[in-house]
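Listed here are the chains, written in short residue letters.
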4 protein chains.
Amino acid sequence: MSEIGIGIVGGGYMGKAHSVAMAAVGAVFETNLRPRLEMICASSETSAERYRRAFGFARATGDWRRLITDPAVEAVVIATPQALHCEIAEAAFALGKPVLCEKPMGATLAESETMVAAAESSGVINMVGFNYIRTPASQFARKLIAEGGIGTVTWFRGEHTEDFLADPETPVSWRTDGVANGTMGDLAPHMINAALALIGPVESLVASVETVHAQRPGGVVTNDDQAQIMCRFACGAMGQMHFSRVATGRKMGYAYEVHGTRGAIRFDQEDQNALWLYRAEGPEAERGFRKILTGPAHPDYLPFCQGPGHGTGYQDQIIIEARDFLLAIETGAPVWPTFRDGLAVNRIVHAALESARSRSWQDVPSDPRD
Amino acid sequence: MSEIGIGIVGGGYMGKAHSVAMAAVGAVFETNLRPRLEMICASSETSAERYRRAFGFARATGDWRRLITDPAVEAVVIATPQALHCEIAEAAFALGKPVLCEKPMGATLAESETMVAAAESSGVINMVGFNYIRTPASQFARKLIAEGGIGTVTWFRGEHTEDFLADPETPVSWRTDGVANGTMGDLAPHMINAALALIGPVESLVASVETVHAQRPGGVVTNDDQAQIMCRFACGAMGQMHFSRVATGRKMGYAYEVHGTRGAIRFDQEDQNALWLYRAEGPEAERGFRKILTGPAHPDYLPFCQGPGHGTGYQDQIIIEARDFLLAIETGAPVWPTFRDGLAVNRIVHAALESARSRSWQDVPSDPRD
Amino acid sequence: MSEIGIGIVGGGYMGKAHSVAMAAVGAVFETNLRPRLEMICASSETSAERYRRAFGFARATGDWRRLITDPAVEAVVIATPQALHCEIAEAAFALGKPVLCEKPMGATLAESETMVAAAESSGVINMVGFNYIRTPASQFARKLIAEGGIGTVTWFRGEHTEDFLADPETPVSWRTDGVANGTMGDLAPHMINAALALIGPVESLVASVETVHAQRPGGVVTNDDQAQIMCRFACGAMGQMHFSRVATGRKMGYAYEVHGTRGAIRFDQEDQNALWLYRAEGPEAERGFRKILTGPAHPDYLPFCQGPGHGTGYQDQIIIEARDFLLAIETGAPVWPTFRDGLAVNRIVHAALESARSRSWQDVPSDPRD
Amino acid sequence: MSEIGIGIVGGGYMGKAHSVAMAAVGAVFETNLRPRLEMICASSETSAERYRRAFGFARATGDWRRLITDPAVEAVVIATPQALHCEIAEAAFALGKPVLCEKPMGATLAESETMVAAAESSGVINMVGFNYIRTPASQFARKLIAEGGIGTVTWFRGEHTEDFLADPETPVSWRTDGVANGTMGDLAPHMINAALALIGPVESLVASVETVHAQRPGGVVTNDDQAQIMCRFACGAMGQMHFSRVATGRKMGYAYEVHGTRGAIRFDQEDQNALWLYRAEGPEAERGFRKILTGPAHPDYLPFCQGPGHGTGYQDQIIIEARDFLLAIETGAPVWPTFRDGLAVNRIVHAALESARSRSWQDVPSDPRD
């Protein structure tokens, strides 16, 4: 068992989540590598100091370069606004420091490509923070599908829908500015990553995007409120996706359903401790979707609780992610999703925006390594 | 209160449903016009005679022309295979007899157009049997949306999914032969009709269709197992639809969700006595989708039961449909969906098939009358 | 195939339900015995004539004795207020006419005993109208349990809860007067009958009953609003029951759950087309309650629809009941629940009221025939 | 902001949960008092050392007296087997150290009374670990009811059901030995505490308890597998409770429903992020139970996540509990549930066991302070 000094850049929503995760992960997973909350960085010295005290870091800084270059910072979590991801990651890789970067990776496809190149030439651990796919339920779904538990996949439907901008009186903010912060740029990557994880590469797609409320108090909205994709996967399955930040009533609509030739799966993050499974077997009169409650029999549940059905929550996903990051650093084995995996998501986002613009089907370029 | 002689062509799945409906509708709705089960027609004299005894008709015939021309048959229900719809309807209209025709109307778009022309030049009552939209829940959903109960509609998702052909070992049959009997031709119309009823005309769409199991015991499948549509409605809303007969686990997945600027609605025919409604009002801490159980407060429920939550079923939809048909005949007022309304559905099916073929967005021609 | 003249006494809630059932049952189940709606009786000639026209009977009367004695009335359905059940049934049995009597049987335990004696000495078909146990889902649940599908039963919880008197401003009516019309007298029998059908005889119980709103507009309430039972079944299982007409939010809360040593069952009439089944078998990670949608594989579903998940409703239960009544008349074989079965329910009601009065456990006398 | 040295006695199921909570609570709630994981105690030096490393404590011991007396241990969490609770708590109180003791308090009613006396004479903070009532949903339910949000409460139903001993082949263990470890002694307290929190004191009750599987591999079972209570609350409401460790299919069936004169509430810990609320208001056609997803608008949710519907889990309840314990220590204000509150739960357990023994209604003595 040894310590590792963690530096987190950003102290807001995700910065806090990663700080808590780093404080708890050792006790939960009994990791060999124990995080030491070394330094936190925020946009000013004042707010950084506030976060330091709040989350229990040793030191604080208003300058991310100081954090990256500090010798006691041995691994970096990037939880800043998206525009800074690329530069910070490059700096960390240049010093050979492992990076866990929040999704979506770069502000543009070009930036994401730059980040992948930097990560891969450095040879250090790199990981993108697609946390939702790490719930015990979704990990189990992925395993079930991969093992043929529902036969050959024929259909996928996914959505990431919330309603935080459903009210047209909500004023403009950073969220309503710039394509990278729009629904397609910011929400869609989570579900696209899930689609890739569950079903595999997307071969071609057609998409449309829309700004539902173009004017809001304080100004003009410059990015999209909702978007949809229709696609064909490389495995032959068909699929649909839908993304929205104006989906009235939806709070955490990260949901998918998968049809296979011998079964089906349904999941909704709003009820994250249940996975619905249908098996086309046994007497017809006894078939039905079963609601499986997560428990010690499912991936990464047991360290949180010995009792099934007792449930894990949002913060626990980040703890699982932290464990995976630490384990990768410890063992040197790459951890999914790497920056390259994140780039595959960005390529689909890019193709979808292009399809929406041109009103045409687009092929999605496959990873040259594949 | 007076009697009307009913002739039903077809004694199978829907022929029986309409027969039961005609036997029960008078007592349920206390209609002024009381159906007399005058004559039933099937593909042979023998089977017609069997249906006559089973369902309680006065007479039987193996020749649909005899039924249509019989003077005691005053109104006609067409529940034959689709290929015969057009010819039978034309014959009935020529004699000035009202027609309730099962969906989908014609075997081709041209046939559907012929049927509309015949119906409209005859001036008699004509109606297409889209029964699912007549549940108390869906009638109420339609009313709620029309009255602005969820604000301006921004998003629609609909599906009609079943799994009766999910097993690749199910042999070929009439269902697996001919585009009109495929998923897009046969299942999709129900949900497309619902989309039109709930959201209004579709302006443009892009679609794909697929035969998942091209070979089955006994031969080759010539039509589609699943299909999907992405569309823009004339009102500005975006939407997605999905249709499948290989949706493992889905038994009656006639389901939709509608997002509006001030609320949302969800419905699934597998739980047809519940409508889920979200209203963006009241304290944030008390908001949520409410599960409204149908009852006497909802359209056409009370005649079936005085108690809320006691539920209606499949057969009851057909009884409601029969009441609407009889009422239209009695009053002379057209009854939705008319043949022209059915044609609008067929136009979308046609555009979707064309889109799938050409891999391009298609505009949907609007009704010249609109 | 032959006809049977049906006389129905009562044209209100249940009178209508039975009338519709008799109009439809032949076409639905293709019964050998076909009901002829011969005569309906109501409390006045005027209302009887109104019901006759509404439901399609041949004749009407304001005097139930005329109905019973009319030679064309060959079988009788009693759907009057409870106070008349005994007298009418006795008259019918005296003439050897089969009787389907609405629940609960007699207004008192003594009356119920009288009715059983009359039925059994006459030797004709006698049946009590516990309709809810006849849904395809509950019939299947009963079969599953009987066949050991969930192992040995260890626990039963049942409720019959509605909220039609939850509002204290609802005025007094016949429902609020007399113990036989109270919750224990009127609602409880349905669920007690279910308990007996699913689990078997009750050996002992302790109960409490309560009038929540003793004063209502128009006067004083003389019976109970809610009641509860805790019991031991003869098979050894423990159990609880709860009955209420003031269960705010509950519309048709006829619900039960049954635990067995190898499985469990849950059912709620508000979602009557689903049965939830858990089996303690297969990998732990894949266990869960499965939601089985009723379909052709379940008892008495197919005649209503060939498609699973399409659903049956309240009225359909009454149609199934009518089929069972007709079949019993046709074959001469007794049909569950007979009057004697109904008496067993009344004995439990009686014991529960006595337990509530004396605040003590009560043994429930077993049927001397058992 | 200052530190406090925490000593935890016990490193198993609950010992780990409290350790993780103490590691995370500062960062989550930004508490003024920051826990320092000072010492952990287990039944041997070896296992204590293992827990120390695993959870990140500074020191370890196999002797709980050393932990209690260590000057750096300033507050104590008791997570040992129940038999030791009393002695350890007394020792801690004698030194004026605050105690958070796992439920149920003492192994007997007498022990619980001793513990209350020790706590109250010491005057230091004392708290019982009924964690489930601390979910955002249950905290909100409690607040809603207290504020009259569902009117006057008329009915309560609660259960705590799991199935960890449903399989008769599971061998005997500490769980199957001794009344304090039985269902009534060990599981029931959670839900009884919830009943008291939501509805108020229980006035009288009748109960039954049962050992379903008296023989198990390895020996004889000496305590109960399932139990039930029927009761009257001091506020006038009626109620039922059910507890089981053989409830096949139930994983975390901590569930309750509450009927009031103007609304109703339903909750099930298996879906801990949803609270179901019915309000008898607005148009009849729009009423229904709404599924409220917990979010920042609910108690103690926001520190875990800014997004509603993202969910909290089992471990988060323990973190909330830790915050409440620390806050009580910081402010000196007593924290519910105190040992005296825990004693009220034990009195009901005691009365229930007595009722089951004597087969009679039992009055529950009210707290002399009330």
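Presented here is an overview of the structure given in this document. Given the structure is predicted, the values throughout are model-derived calculations rather than measurements.

**With respect to empty space enclosed by the protein**
Alright, step 1. The full count for this structure, using the stated rule, is six cavities of 30 Å³ or more.
Alright, step 2. Its volume calculated, the largest cavity comes out at about 80 Å³.
Alright, step 3. Along the wall of the largest cavity there are 16 residues; nearest its centre are Asp271(B), Gln272(B), Asn273(B), Asp271(C) and Asn273(C).
Alright, step 4. In terms of residue class, the lining of the largest cavity is built from no nonpolar, twelve polar and four charged.

**Focus on the packing of helix α1 (residues 13-29) of chain B against helix α8 (residues 314-331) of chain B**
Residues and elements named next belong to chain B.
Alright, step 1. Packing of α1 against α8 leaves a shortest axis separation of 8 Å and a crossing angle of 70°. By the angle between their axes, α1 is roughly perpendicular relative to α8. Note on packing geometry: the crossing formed by α1 with α8 is right-handed. Only Tyr314, Gln315, Ile318, Ile319, Ile320, Glu321, Ala322, Arg323, Phe325 and Leu326 of α8 make contact with α1, whose side of the interface consists of Tyr13, Met14, Ala17, His18, Val20, Ala21, Met22, Ala24, Val25, Val28 and Phe29.

**What about the nonpolar core?**
Alright, step 1. Counting 228 residues, the largest nonpolar core has Ile192(B), Ile229(B), Tyr256(B), Phe339(B), Ile229(C), Tyr256(C) and Phe339(C) as its most contacted members.
Alright, step 2. Membership of the second largest hydrophobic core comes to 226 residues, among which are Ala42(D), Val99(D), Met115(D) and Ala194(D).

**Side note on the pattern of salt bridges**
Alright, step 1. Under the counting rule described, the total for this entry stands at 112 salt bridges over all chains.
Alright, step 2. Asp70(B) is the salt-bridge partner of Arg59(B), the closest N and O atoms lying 2.7 Å from each other. Of this pair, Arg59(B) sits in strand β3 (residues 59-61) while Asp70(B) sits in the loop between α3 (64-69) and β4 (75-78); the two residues are eleven residues apart in sequence, bridging distant segments of the chain.
Alright, step 3. Note that Arg36(C) and Glu38(C) form a salt bridge whose closest N and O atoms lie 2.7 Å from each other.
Alright, step 4. One network of salt bridges, in which partners are shared, links Arg157(A), Glu159(A), Arg250(A), Glu257(A), Arg266(A), Asp268(A) and Glu270(A).

**So, the interface of chain B and chain A**
A common measure of how large an interface is: the accessible area buried when the components associate.
Alright, step 1. Each partner contributes residues to the interface: chain B has 47 residues there, and chain A has 47 residues.
Alright, step 2. Carbon and sulfur atoms supply 52% of the area buried between chain B and chain A, which totals about 3,500 Å² over both sides.
Alright, step 3. In terms of surface lost to chain A, no three residues of chain B exceed Gln228(B), Thr248(B) and Trp361(B), which account for 18% of the buried area on that side.
Alright, step 4. On the surface where chain B and chain A come into contact, there are four salt bridges.
Alright, step 5. With its nearest N and O atoms 2.9 Å apart, the salt bridge here joins Arg232(A) to Glu210(B).
Alright, step 6. One can count 16 residue pairs in polar contact (both at pLDDT 80 or more) joining chain B with chain A.
Alright, step 7. Sort the elements by how many residues they give to the side of chain B that touches chain A and strand β11 (residues 226-233) of chain B lands first, with seven residues.
Alright, step 8. Considering only residue class, the side of chain B that touches chain A consists of 18 nonpolar, 17 polar and twelve charged.

What counts, and where the lines are drawn
- Residues numbered from 1 in each chain as written.
- Chains lettered and ligands numbered in written order.
- Predicted model: local features only at pLDDT ≥ 70, side-chain atom pairs only at ≥ 80, totals over all residues.
- Heavy atoms only, no water.
- 1 Å grid on protein atoms, 1.4 Å probe; cavity = no way out; pocket = protein on both sides within 12 Å on 5 of 7 lines; lining within 4 Å.
- Points joined across faces, edges and corners; volume = space filled by probe spheres on them.
- Nonpolar A, V, L, I, M, F, W, Y, C, P; charged D, E, K, R; others polar.
- Axes fitted to C-alpha atoms, helices over the stretch in contact; angles between N-to-C directions.
- Helix = DSSP H or I, 4+ residues; strand = E, 2+ residues; numbered from the N terminus.
- Parallel < 35°, antiparallel > 145°, perpendicular 65-115°, else oblique.
- Left-handed = near helix turned anticlockwise from the far one by under 90°.
- Contact = heavy atoms within 4.5 Å.
- Core = buried A, V, L, I, M, F, W, Y, C linked by side-chain atoms within 4.5 Å.
- Buried < 20%, exposed > 50% of the residue type's maximum accessible area, 1.4 Å probe, protein only.
- Salt bridge = Lys/Arg side-chain N within 4 Å of Asp/Glu carboxyl O.
- Buried area = accessible area lost by both parts, 1.4 Å probe.
- Polar contact = N/O pair within 3.5 Å; in protein donor to acceptor, adjacent residues only side chain to side chain.

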